[in-house]
Amino acid sequence: MTRPRLGLRTKLLLVALALLAIPWVGYRYVRAMEGFLRQGQEATLMGTARAVATVLDDRPKLMAPQVDLLGALREDRDLYAYPLHNPIQLDGYDEDWSEYLGRAITYGADHRLSGTAPAGGPDAFSFRNLVGIRGNYLYALFLVKDPHIVYRAPNSLRLDQSDHLIIALQDPQGAFHRYLLTTRAPGWVNAYAVTDADPSGADAQPEVRIQGEWQEAPGGYTIELRMPLAMVGNKLAFAIADVDNPVTRKVREVIGTAGTRRLADLGTVMTPSPRIQAILHGLGRANARLWVVNRQGRVMALTGSLRPPDDETLSADTGDDPGLLSGLQQLIYSLILRQPSEDFDDTLAGASRLQGADVRAALAGRPAIRWRHTPDGRAAILSAAYPIHDGDAVAGAVVAEQTGNAILTVRNRAMESLFNLTLVVFVAATLALLAFASRLSTRIRRLRNDTEQAIGSDGRVRSTAVSGRRAGDELGDLARGVGGMLQRLAEYTRYLEGMSGKLSHELRTPLVVVKSSLDNLEQTTLPEEARVYTTRARDGLQRLNAILTRLSEATRLEQALQQAERENFDLAALVSGCVAGYRDAYPGRPLEARLPDGAVTIAGAPDLVAQLLDKLVANAMDFSPAERPVVVSLERGTREVVLGVENEGPPLPEQMSGQLFESLVSVRSGGNGEPHLGLGLYIVRLIAQFHGGDVAAANRQDGNGVVFRVRLPMS
Amino acid sequence: MSRRIAIVEDEPAIRENYADVLRRQGYTVQGYATRPEALAAFRQRLPDLAILDIGLGADPEGGFDLCRELRALSPTVPIIFLTARDHDLDVISGLRLGADDYLTKDISLPLLSARVAALFRRTEALGSTPTAEDLLHVGALRLDVQRLSVHWDKCPVELTVTEFWIVHALARHPGHVRSRDQLMGDADTVVDSATITSHIKRIRRKLAAAGADPGCIETVYGMGYRWTATL
């Protein structure tokens, strides 16, 4: 099973991931802060709403006049006059009304007061109506869809035999008035007051205060008119009568906002109260909008705007051209964080009626708070509604609105600084950890390398110097521990290595005692049977002596190596000379030499190389069958020369091949009288190493013999 | 009057064994165990020959010091180092201090007696005229077997007894290879072949100092050494 290897650095970096908790905690904190800010804003806004409501409390005259206490409010029947911001030019076109066109109410078959459906289907005839107030005038716009426009006949006095507009109203004094408005051709028009006695208007007097423009439009016509506010009381109704047949000139159908015949049939008209408006104006706050609504939710006054004044917007937008880095940063933030936007779609602006849950709650007597998103999702708007009391009854409500942009800005700023700070901390901590981990792993790696290299392949301590011993931390302790361990190991190895030499030296003195005693003994007259024992003693002595000599041989060689002088000599000549010598030394044993032509010059001690060859050949002769040849070869490479000694015989035991060249290791199985301490190949290795080469033993390819190869660098 | 030999050796058994053998040869033998004891006796009266061990009890280099002091007392008295220490360094130090020979304790007692006799013979022969049979001329090399002296072009070459017999064995049969074992036999010494190598090195150096070509003793790898016939 292989486990993925994780380095210290990786592990520490994984641990560093715990730092990710910092931005999370920060995020939670910012969210909590945002919650507090929202609560604060809610409380403030509610305070504003309550303050305004308190001002309006118990002022029935202010709230009452327009309040229709009977029946439910109907958007289509009960008209709302929008306060118009722009001047209206009476030109028969709807451009001036573009801001309010979306709020125009469409009247069709459902609002039919009399007559029958047109030939082109129930939708063929309809109109859209808007009412507004500007200055002292009430303005009205009618966009009539009528495929057949029939104008007043040029010679006719009657007002009701062509397409015409009916205006029915109650004046401030409570009197009921009815007006008809028609024209002989597109252009400037005036209304005529009609009475029940003269419904056709043949004798009607022109009412010049109601004036306007009639223009044809694609698929119908447009009427734009105005009348002084002084004419209009609380009740108002408009109706369009359609005449399709220019010959019979019968009114086919009448569609109206409400019945126009009787005072009771009229709908109401709601105009914002200038007095409340004046009161609100004084209470207005920047970036907040205040509404006052009546019991039906009709807007009675409005002040302020959700958008900040233009100059503030500008100052927010202007700024120095951001650098690439901060530009990139802002881009990232804008992707992550919702940016407060002043460019949101505020559908409520200019609404005639408020119907939110908060307003309903306030009209029921309970203050309420509501957060809502604009339809385009760009901004959150907070509204606080507070009821206006009239005695025990609720007369209306004050609604204060504000965007959540301020909070969003603060939140985003906090998020940004949190993000920046976290990024800095994260990067700094990561770098610090990385540096620390690198330093740590470098130190450990160095210690490991030193430890690995401290003991050579031969098991000897090469160096006891371990880096990092001066460090005061645990790694320093470890390095010191390893250093001390190596030191003790080196001492022990040295002791073991010196052991054989010391032993042989110490044994020599008693040996000399025995030997000299034997010498003396032999010089005295001894009985013949005693001679046998002295001879045996002498044999034993000789063997002991040989053992001691061999024991000290390696030690002596090591000392000889320290003093040996190097010279350049011809290795080929040396080998060929040695081989000639071996032929004399091992008579009857076949010996084969494969030598290159020419000289092979190496730098070293020829005596030692000869000694090396002696050992290898002696070893080969011991293992080789008597009739099989021992092959001594010399191969010249580009930089080194390989001296090989090959013999047939038993292969090397697998487990021994690595230790073969160690001291006191022997693979010989049986004793043949000659002591073997396993020092021969050790000496070979020492000499090879002295010459900068190495020695290796391998079984022959056919498995039926052994090859020793000594590689020596050429000079 | 018999010749007086001093043996300085801290091991009593060895000392007595050596002394017995030499007494049997007719020499008067005095044994000393420590350096101060021996030095005091030498100051009283110089021996005709001194056999010194290097390690003397607690004094591992005592023999070397004693050799230096004895050589200061007398420049001519023959000194033999007889020691268990056979390292090249010890041999070189011993000979540099003016010892005439350096033997290891492996040497058999009869051989020791022969060395002692040879040294006395050299001392005696210093005054007499050499006879022709004792002289060996090989090129510029002249060996006097009686005096154990060597000259190269009339320039004396100071060789130890061991070295002398090695040169003698090689020069007697120029061109013939003598193996290390043969040389050991010729020099009446039992050492390992590496010691022979260092002996040969020293001989070459000494001969070279006297003006000879160091190649006059040629190494025949795997076999031994020979005196180069052409010289």
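Since the model is a prediction, treat every value here as computed from it, not as a measurement.

Conventions we followed
The numbering scheme is per chain: residues are counted from 1 as the chain's sequence reads. Starting at A for chains and at 1 for ligands, labels are handed out in the order in which the entities are written. This being a predicted model, a pLDDT of at least 70 is required before a residue's local features are given, and a value of 80 or more before pairs of side-chain atoms are given or counted; all residues contribute to the totals for chains, interfaces and linings. With hydrogens and water set aside, each side-chain value is computed from the structure's full complement of heavy atoms. Confidence of the prediction at every residue is given by pLDDT, a number between 0 and 100. Helix numbers and strand numbers start at the N terminus; a helix is a DSSP run of H or I with at least 4 residues, a strand a run of E with at least 2. We call two residues in contact whenever any of their non-hydrogen atoms come within 4.5 Å of each other. Buried residues are those whose accessible area, probed at 1.4 Å on protein chains only, stays under 20% of the maximum for their type, while exposed residues exceed 50% and partly exposed ones sit between those limits. Polar contact is the term for a pair of N or O atoms within 3.5 Å; when the atoms are in protein, one must be able to donate a hydrogen and the other to accept it, and sequence-neighboring residues count only if both atoms are side-chain atoms. Within the patch definition used here, like charges are joined within 9 Å and nonpolar side chains (Val, Leu, Ile, Met, Phe, Trp, Tyr) within 5 Å, considering only residues with over 30% relative accessible area and no salt bridge. Areas reported as accessible are Shrake-Rupley estimates using a 1.4 Å probe. Residue values count occlusion only from the protein chains shown. Within this document, salt bridges are pairs made up of a side-chain nitrogen of Lys or Arg and a carboxyl oxygen of Asp or Glu, the two lying within 4 Å of each other. Here is the rule: rings of Phe, Tyr and Trp (six-membered ring for Trp) pair when centre to centre is within 6.5 Å. Planes less than 30 degrees apart are stacked, more than 60 are edge-to-face, and the remainder are tilted. Only Lys NZ and Arg CZ are tested; either one counts as a charge over a ring when it is within 6 Å of the ring centre and within 35 degrees of the ring normal. Strands were regarded as paired on the criterion that DSSP finds at least two bridges between them. For helices, the fitted axis covers only the stretch in contact; all axes are lines through C-alpha atoms, and the angles between them, taken along N-to-C directions, range from 0 to 180 degrees. In this tally, Lys and Arg are treated as positive and Asp and Glu as negative; His is ignored, and so are the chain termini. To locate a charge, take atom NZ for lysine, CZ for arginine, CG for aspartate or CD for glutamate. Values labelled buried area give the accessible surface lost by two parts on being combined, using a 1.4 Å probe and summing over both.

Participant: Whenever I open this one, the confidence of the model for chain A confuses me. Can you help?
Facilitator: The predicted coordinates should not be examined in detail at positions where pLDDT is low. Residue and element names in this part refer to chain A. Residue-level pLDDT values for chain A average 81, and 89% of them are 70 or greater. When the elements of chain A are averaged for pLDDT, helix H5 (residues 310-317) gives the smallest value, 42, and strand S10 (residues 220-228) the largest, 92. A low-confidence stretch, residues 311-319 stays under pLDDT 50, and its non-local contacts, those more than four residues away or across chains, total two contacts.

Participant: Explain the environment of Asp146 of chain A to me, please; I cannot follow it from the model alone.
Facilitator: All names here are of chain A. Assignment of secondary structure puts Asp146 in the loop between strand S5 (137-145) and strand S6 (164-170). Asp146 gets classed as buried once you look at its relative accessible area, which sits at 1%. Remark: the alpha-carbon pair of Asp146 and Ser126, spanning 20 residues in sequence, is separated by 7.2 Å. With near-sequence residues (within four places) excluded, Asp146 lies in contact with Ala124, Phe125, Asp163, Gly219, Gly220, Tyr221, Asp242 and Asp244. Among the polar contacts made by the side chain of Asp146, one reaches the main-chain amide nitrogen of His148 at a distance of 3.1 Å.

Participant: So what exactly am I meant to see when it comes to the side chain of Asp76 of chain A here?
Facilitator: All names here are of chain A. Looking at the element boundaries, Asp76 is found in the loop between helix H3 (60-63) and strand S1 (79-83). A polar side-chain atom of Asp76 sits 2.8 Å from a polar atom in the side chain of His111. Apart from residues no more than four positions distant in its own chain, Asp76 is found in contact with Ile105, Tyr107, His111 and Thr257.

Participant: Mind showing me how you'd approach a nonpolar patch on the surface here?
Facilitator: All names here are of chain A. Nonpolar side chains collect at one region of the surface, where Leu13, Phe419, Leu423, Val427, Leu431 and Leu434 lie side by side and expose about 480 Å² of accessible area between them. Residue contributions to the nonpolar patch peak at five residues, all from helix H8 (residues 405-454). Among the secondary structure elements, Leu431 is positioned in helix H8. Looking at Leu431, the relative accessible area reads 52%, which means it is exposed.

Participant: Mind showing me how you'd approach the packing of aromatic side chains here?
Facilitator: Aromatic rings in a pair are described by how distant their centres are and how their planes are angled relative to each other. All names here are of chain A. Here the structure, examined in full by the defined rule, presents 15 aromatic pairs over all chains. Ring geometry for Tyr151 against Trp214: centres 6.2 Å apart, planes inclined by 55°, an arrangement best described as tilted. Placement of the pair is Tyr151 in the loop between S5 and S6 and Trp214 in strand S9 (residues 205-217), with a sequence separation of 63 residues. Owing to a relative accessible area of 0%, Trp214 belongs among the buried residues under this scheme. Pairwise contacts between aromatic rings join Tyr107, Phe127, Phe142 and Phe238 into one cluster. It is Arg38 that lies over the ring of Trp371; its NZ or CZ is 4.4 Å from the centre. Over the face of the ring belonging to Phe690 we find Arg566, whose NZ or CZ atom lies 4.3 Å from the ring centre.

Participant: Just checking my understanding: could you explain the sheet that holds strand S15 (residues 299-304) of chain A for this structure?
Facilitator: The strands making up a sheet associate through backbone hydrogen bonding, with each pair oriented either parallel or antiparallel. Residues and elements named next belong to chain A. One open sheet holds the five strands; their spatial order is S15-S14-S18-S17-S16, and the pairing between them is antiparallel. Pairing within the sheet leaves two strands with one partner each, and these edge strands are S15 and strand S16 (368-373). Ignoring strand direction, the axes of neighbouring strands in this sheet form an average angle of 20°. Here strand S17 (residues 380-390) runs beside strand S18 (residues 393-403); their pairing, made up of ten bridges, is antiparallel.

Participant: I would appreciate a short explanation of unusual backbone geometry in the present structure.
Facilitator: Excluding glycine, a negative phi dihedral is what most residues carry, and trans is how most peptide bonds are arranged. The backbone phi angle of Arg249 of chain A is positive, close to 55°, even though this residue is not glycine. Tracing the chain through its elements places Arg249 of chain A in the loop between strand S11 (235-243) and strand S12 (251-256). Residue classification places Arg249 of chain A among the buried positions, given a relative accessible area of 17%. Even without being glycine, Lys154 of chain B reaches a positive phi, approximately 70°. Examined against the element boundaries, Lys154 of chain B turns out to sit in the loop between strand S8 (149-152) and strand S9 (155-157). On the basis of relative accessible area, Lys154 of chain B is assigned to the exposed category, the value being 75%.

Participant: Would you mind going over a positive patch on the surface with me for this structure?
Facilitator: Residues and elements named next belong to chain A. A contiguous patch of positive charge, built from Arg5, Arg9, Lys11, Arg439, Arg445, Arg446 and Arg448, is present on the exposed surface. Top element by residues in the positive patch is H8. It accounts for four residues. Tracing the chain through its elements places Lys11 in helix H1 (residues 8-16).

Participant: What is the right way to look at the interface of chain A and chain B in this model?
Facilitator: Where interface size is quoted, it is often the accessible area lost as the parts come together. In this complex, chain A contributes 25 residues to the contact, which on the side of chain B involves 29 residues. Each partner contributes to the roughly 2,300 Å² buried at the junction of chain A and chain B, and carbon and sulfur atoms together form 53% of this total. On the chain A side of the contact with chain B, Asn520, Arg556 and Asp607 of chain A bury the most area, a combined 22% of that side's loss. Our count for the contact surface shared by chain A and chain B stands at zero salt bridges. Counting the contacts that link chain A with chain B gives seven residue pairs in polar contact (both at pLDDT 80 or more).

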